[in-house]
Structure formats: C-alpha cells, structure tokens
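Each chain, letter by letter, is given below.
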Amino acid sequence: MGEIKFMKGNEALAESAIRSGLQGYFGYPITPQSEVIEYLSMEEPKHHYVVLQAESEVASVNMVYGAAAAGARAMTTTSSPGFSLMQEGISYIACAELPCVFANIVRGGPGLGTIQPSQGDYFQAVKGGGHGDYHLIVLAPNSVQEMVDHCSLAFDLADKYRIPAMLLSDGAIGQMMEKVVLPDPVPYKPDKPWATTGKTPDRPRNIITSLYIQSEDMEQKNKRLQEKYKLIKENEVRFEEYKIDDAEIILTSFGLSSRICKKVVDLGREKGIKLGLLRPITLWPFPSCKIAELAAQNRVKFFLSMEMNAGQMVEDVQLSVNGKKPVYFFGRAGGIIPTPDEVLHHIEGYLK
Amino acid sequence: MKEGYELVYKRPKTLLDRRMHYCPGCFHSTIHKLFMEVVDEMNIQDKIVGVCPVGCSVFAYDYMDVDMQEAAHGRAAALATAIKRMLPDRYVFSYQGDGDLAAIGTAETIHACNRGENITIIFINNGIYGMTGGQMAPTTLEGQKTTTSPYGRDVAKVGMPLKMAEMVSQLQRVAYVERVSCNNPVNTRKAKRALKRALEIQGKNMGTSFIEVASNCPSGWKCTPVESLNWLNDKVYPYFPLGVFKEPPKE
C-alpha cells in the first residue's frame with residue numbers, strides 16, 4: 001500500500017506520471033523543471049512509456065496533441081517561458097478535446113525573468129493563455145506529496161471529461177525535497193473509441209480536429225465546450241479550509257504561498273487576530289461559491305489574497321466576493337518568497 | 001457491369017465520393033487519389049493514420065477515408081512523430097504544403113527527419129500560399145509574382161527558394177527522398193510508385209520517407225491549368241528537378 005520516499009518535487013511528479021500509466025512524455029529542458037524529463041529518461045528502460053526530447057516546446061506540445069489523439073496518456077512539463085510557447089498548441093488541444101496533462105513549474109517573469117519560484121502565470125493558466133474560449137482544469141499543488149496526488153488526479157480528470165488538465169506549480173515545489181507516499185501503479189486501460197488508431201470496418205473514420213469552418217458549427221462546438229465546463233464547475237471544485245470556522249479575516253492563497261499563509265494564520269491567532277485560510281486547490285474551476293458564502297457571513301471583516309505575483313487570483317476573489325466585503329492583496333513578485341512576518345505585518349496595517 | 005464490358009478504372013475505395021474543394025487543374029486531387037489507391041492496394045486502411053496541415057489540404061480528411069488528425073500550421077511532423085511513437089505498428093503520414101512544411105514548420109520537419117521518424121511525409125510544393133490567396137511561399141521561384149512579391153521574388157531581399165528534398169536528403173536517418181510531379185501520365189505513374197515505395201519503406205522501419213510533389217496552383221499563379229503545366233516544365237523543374245535524391249541501402 002504505497003511506498004514512502006524522500007523525493008524532489010519534479011522527480012515525484014515524474015514518478016507519479018509513470019505510476020498513473022504514462023505512455024508518452026514529450027518535453028524540452030528548462031530550469032527549474034528539467035528533472036522531470038531527466039528522471040523519465042533515466043527510468044525509461046524499466047517501463048513501457050516513450051520519453052522524447054523535442055526540438056522546442058512548440059514541438060513537444062504538438063507531440064502531446066498527436067499522442068493524446070492516438071489514445072495515449074500523454075504529458076509534457078515546462079516552466080513559464082516554455083509554457084508561453086505551448087499556448088498555441090494548448091488552444092488546439094482544448095478545442096479538439098484531447099485528454100492530456102501539463103505541468104508549469106512557474107518561475108518569475110515576465111520575459112526570460114528569473115529561475116526563482118513565482119505564481120505569475122496564474123492568469124495564463126486560469127484565463128486561457130491561448131486564443132479562443134476555453135479552459136483547462138488547473139490544479140495547484142502546495143507540496144511534493146500533492147505533485148504526486150495531483151498528477152494522477154489530472155490524468156483521471158482529463159480522461160473523464162476529455163479535457164486538458166494542468167498542474168500550476170512553482171520552482172520551489174519543483175526543487176524542494178519532502179517525504180512522499182507513492183501510490184501503487186495503476187494498470188491503465190484506455191477506453192477511447194474516438195482515438196485515431198486506424199479505421200476499422202466497424203466504425204466510421206475518426207477525425208481529430210479543431211477546425212469548424214462554418215460559423216454555425218463553430219458556435220455549436222463552443223456551446224458543447226461551455227456545457228462541459230459548466231459540468232466541471234458543478235462537480236470538480238476543490239479547496240482546503242484552515243481555521244476558517246470562526247475567522248474574521250479570510251486569507252486566500254494557493255500553492256506555495258498557501259503554506260506561508262498557514263503560518264501567518266497561526267502567528268496572527270497567537271496575537272489574537274482571528275485569521276483563517278481558504279486555499280483553492282482547483283484554480284479552475286475556482287471555489288467562487290465557497291468564497292461568496294464566506295463573504296455573506298457577518299463575522300468576516302475582509303479578505304486578503306496573498307500571492308507570489310503582482311495580484312492575479314485576487315481578481316477572482318473580488319469577483320466571488322462581489323463587493324460584499326473589502327478585498328485586499330499582498331504579494332511579492334519576481335521570484336521573492338514572502339516571509340510570514342511581513343504578511344502578518346501587512347494585515348495588521350488594515351486593523352489600525 | 002454490362003456483359004462484355006471490363007472495368008478498367010474506378011475511384012479508390014478509400015477516396016470518399018465527395019465534391020472536392022480544390023480548384024480545377026490542381027494536383028491535390030490527383031495526389032489524394034494516387035495515395036488512396038496505394039492504401040487500397042496495400043490493404044492498410046485499418047493500419048494508417050494521417051495528419052492534415054493548414055493550407056489548401058486542410059480538409060484532406062473530408063476526402064480520405066482513414067483516421068486523421070488536423071494539425072496546427074506547421075506542426076504536422078510533430079503530431080506524426082508522436083502518433084508513430086505511440087502506435088509503432090501503424091503507418092503514419094503527414095500531408096503538407098510548402099508554407100506549412102518549409103516556412104512555419106521548418107523546425108518540426110527538419111527534426112522529425114533528423115530523428116529518422118518512421119513516417120511518410122508528403123510535401124506538396126506549389127510555390128505559393130494557395131489557401132490564403134496567393135502570397136509568396138518559401139519555395140516561390142526567383143522573379144515569380146505573388147500578392148506579396150508583386151514585382152517578382154527578389155532573392156536579394158528574401159533569399160532563394162528552399163529546396164526541401166535536397167535538404168532532408170542530407171540527413172543520415174532519412175531513408176528515401178524523391179521529388180515527383182503529375183504533369184503527364186508518365187510522371188503521375190511515377191508519383192504513385194514513389195508514394196507506394198514510401199509506405200513500403202516505412203513498413204520496414206527504415207527511416208523517414210519524404211515525397212515532394214512539384215505541384216501547381218492555377219488559381220494562385222493566375223493562369224489556366226494548361227499554362228500551369230507549361231510553367232512547371234519551363235520554370236519549376238529546372239530549379240526543382242524531379243528524381244530520387246536518396247535511396248535506402250540495398251537489402
């Protein structure tokens with residue numbers, strides 16, 4: 001029942017992918033996530049998957065398209081500049097409704113930026129970095145264990161809804177080592193009658209495309225996608241609450257910064273400030289209903305979103321709160337990890 | 001079939017009976033037919049997966065009765081790479097134009113060929129962007145007029161037309177490269193032979209097979225189909241010579 005190991009986040013992600021029945025991994029080296037392809041390359045002879053170093057992220061995302069459309073469990077991982085390069089392919093994958101998994105081990109940007117951890121790619125992941133109306137399921141792990149858990153969850157959700165799913169992680173979680181419990185490998189049996197595997201006499205040919213040249217057809221496609229997104233919003237919202245039952249000030253934070261916020265909550269409560277944390281685990285679908293519910297409660301004075309960026313998820317918190325309570329923001333950008341003390345000091349500023 | 005009559009010619013089984021969107025005189029429809037004849041003859045409809053490009057042949061999947069994927073512009077070789085890696089016992093082909101394969105998709109093309117992917121790349125080189133209305137392609141000839149080279153291709157400004165067959169034949173793991181055409185019955189038969197040979201080589205896992213078709217575009221070239229054949233003879237073949245550029249080693 002599981003194997004306990006001490007592992008680096010990126011390697012744990014790779015190991016989880018193998019145990020989830022990975023069949024094709026296509027990637028391109030970029031700091032701080034190159035350990036994923038390195039680990040998979042080292043382990044390849046022991047397993048039945050294919051790992052291929054592509055000539056670019058543009059190629060690797062399109063290889064994921066090809067593999068997923070051929071019915072395989074396919075994946076790529078990258079870091080911020082590489083994820084920008086993949087956006088074209090992701091838009092096509094979203095329209096073609098191909099189940100596959102991405103992980104963005106985010107580093108500070110914009111531009112070439114820094115290789116230090118950041119949460120600056122929230123908008124890109126959640127709002128759709130490519131063209132057109134689409135969403136990915138976005139999971140935000142905050143530990144090495146969740147790199148493992150969310151990877152297998154992402155594969156399952158992707159297959160369940162025929163949608164690309166992604167992990168929005170960061171350079172710190174990718175690089176740090178923690179204890180993990182690895183699940184037993186799952187035998188993966190694909191049931192994908194839509195896949196392009198060669199037209200047999202018993203079915204019409206399968207076509208995987210994102211092209212619907214007639215406006216009426218394209219609108220129908222969009223409607224089908226939106227119906228699917230609605231279903232996912234109803235069924236797949238995930239979040240974690242920490243000391244929220246009596247909290248007067250609600251912190252919202254995801255991924256690495258949510259761990260800092262837990263410490264902030266504890267430090268604040270030592271000083272008699274009733275802090276609580278709501279941590280979205282799925283960034284899309286976003287736990288808007290839960291936040292709206294908290295905003296409607298009289299004891300809650302205000303919200304504060306703490307992020308390692310210049311203020312991105314805070315916009316979704318504001319939309320969810322919908323003017324019922326003030327929503328503040330604290331963040332550090334460019335690869336700086338904030339300390340619990342500076343976050344608490346900032347919160348205390350609103351209490352004066 | 002009437003008694004006493006013999007059927008000598010018919011539509012291949014895997015070519016769907018549909019009105020094509022291709023312009024009159026264009027080689028796309030001919031190549032579609034030839035390739036589907038090959039699929040029929042090899043009896044591999046259930047073992048072949050194709051990739052369409054962005055360009056005039058973006059709708060190739062409307063005509064070929066085989067499983068197909070539609071790629072983003074230029075990325076067909078990346079898709080084909082992954083399909084073949086996931087399904088190594090299937091035949092995989094990409095069908096691409098010159099803008100797709102030799103401009104925006106140059107990196108994917110060169111690297112798929114360099115890896116020696118066991119795929120067949122069918123490259124329709126008509127020297128122009130047909131679908132978007134006749135703009136200059138990487139293979140537009142020197143001096144050739146297009147909507148974006150209205151005074152003729154100025155090679156001092158934009159370089160020489162890319163010779164893809166010659167380029168990829170330099171790569172060690174590419175098994176077979178031939179440039180063919182369809183301007184007359186002899187060349188059309190040679191084109192079909194090359195397409196079949198390409199799939200047979202793929203079936204033996206010998207490496208990439210790359211068939212370039214020196215093609216035409218009466219609409220984009222703003223001429224009649226007959227005039228387009230003359231242009232091929234007078235201008236295209238001298239720069240893009242037909243023939244085999246690379247053979248697999250003798251078995």
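About the cut-offs
- Position labels on residues start from 1 in each chain and follow its written sequence.
- By the order in which they are written, chains take letters starting at A while ligands take numbers starting at 1.
- Only residues with pLDDT of at least 70 get local features here, since the model is predicted, and only at 80 or more are side-chain atom pairs given and counted; chain-wide, interface and lining totals rely on the full set of residues.
- In DSSP terms, a helix is any run of H or I states spanning at least four residues, a strand is any run of E spanning at least two, and both are numbered starting from the N terminus.
- Exposure classification rests on a simple neighbour count of other C-beta atoms within 10 Å of a residue's own: a residue reaching 20 or more is buried, one at 12 or fewer is exposed, and one in between is partly exposed. C-beta atoms are placed from the backbone.
- For every residue pair, C-beta atoms are placed from the backbone, and the pair is scored as a contact if these atoms sit within 7 Å.
- The start and end points of each domain follow an automatic or database-based domain assignment.
- Any residue that is not Ala, Val, Leu, Ile, Met, Phe, Trp, Tyr, Cys, Pro, Asp, Glu, Lys or Arg is counted as polar, Gly included; the first ten are nonpolar and the last four charged.
- Strand pairing follows a simple DSSP-based rule, namely that at least 2 bridges must link the two strands.

Asker: How should the overall build of chain B be read in this particular structure?
Answerer: For chain B, the count of helices and strands is 9 helices and 9 strands. Its C-alpha atoms give chain B principal-axis dimensions of roughly 55 × 50 × 35 Å. When the 251 residues of chain B are sorted by exposure, 53% land in the buried category. Sequence-distant contacts in chain B: of pairs separated by 6 or more residues, those separated by 24 or more amount to 68%.

Asker: Please explain the domain arrangement of chain A as it appears in this structure.
Answerer: In many reports, interface size means the accessible area that the parts give up when they come together. Residue and element names in this part refer to chain A. Assigned domains of chain A: these are domain 1 (3-235) and domain 2 (240-351). Here the C-alpha centroids of domain 1 and domain 2 sit 28 Å apart. Residue-level contacts link 27 residues of domain 1 with 21 residues of domain 2. When contributions to the side of domain 1 that touches domain 2 are tallied by element, the ones reaching two or more residues are helix H5 (122-127), strand S6 (137-139), strand S7 (164-170), helix H7 (171-175) and helix H8 (215-235). No other element matches the 4 residues that H5 contributes to the side of domain 1 that touches domain 2. Here the side of domain 1 that touches domain 2 is built from residues that sort into 15 nonpolar, 9 polar and 3 charged.

Asker: Honestly, the interface of chain A and chain B in this entry has me stumped. Any pointers?
Answerer: At the junction of the two partners, chain A supplies 31 residues and chain B supplies 29 residues. At 7 residues, the largest contribution of residues to the side of chain A that touches chain B is made by helix H3 (residues 57-69) of chain A. In terms of residue class, the side of chain A that touches chain B is built from 14 nonpolar, 13 polar and 4 charged. The sheet contact formed by strand S9 (residues 207-208) of chain A and strand S2 (residues 67-70) of chain B spans 2 bridges and is parallel. Bridging across to S2(B), Ile208(A) finds its partner in Gln69(B).

Asker: Even after reading the chapter, I still don't get the environment of Tyr350(A), so can you show me in this structure?
Answerer: All names here are of chain A. Looking at the element boundaries, Tyr350 is found in helix H12 (residues 340-351). Remark: the alpha-carbon pair of Tyr350 and Phe302, spanning 48 residues in sequence, is separated by 9.3 Å. Residue contacts for Tyr350: discarding those within four places in its chain leaves Phe302 and Tyr328.

Asker: Would you explain the pairing of strand S1 (residues 48-52) of chain B in this entry?
Answerer: The side chains of a regular strand alternate, first on one face of the sheet and then on the other. All names here are of chain B. Within S1, 5 of the 5 residues are buried, which leaves the element mostly enclosed by the surrounding structure. Of the two faces of S1, the one carrying Ile48, Gly50 and Cys52 and the one carrying Val49 and Val51 are both buried. For S1 and strand S3 (residues 91-97), the ladder comprises 4 bridges, and the chain directions are parallel. Bridge pairing in S3 places Ile48 opposite Tyr91. Inspection of the sheet shows S1 paired to S2 by 4 bridges, in the parallel sense. Paired with Cys52 across the strands is Glu70, a residue of S2.

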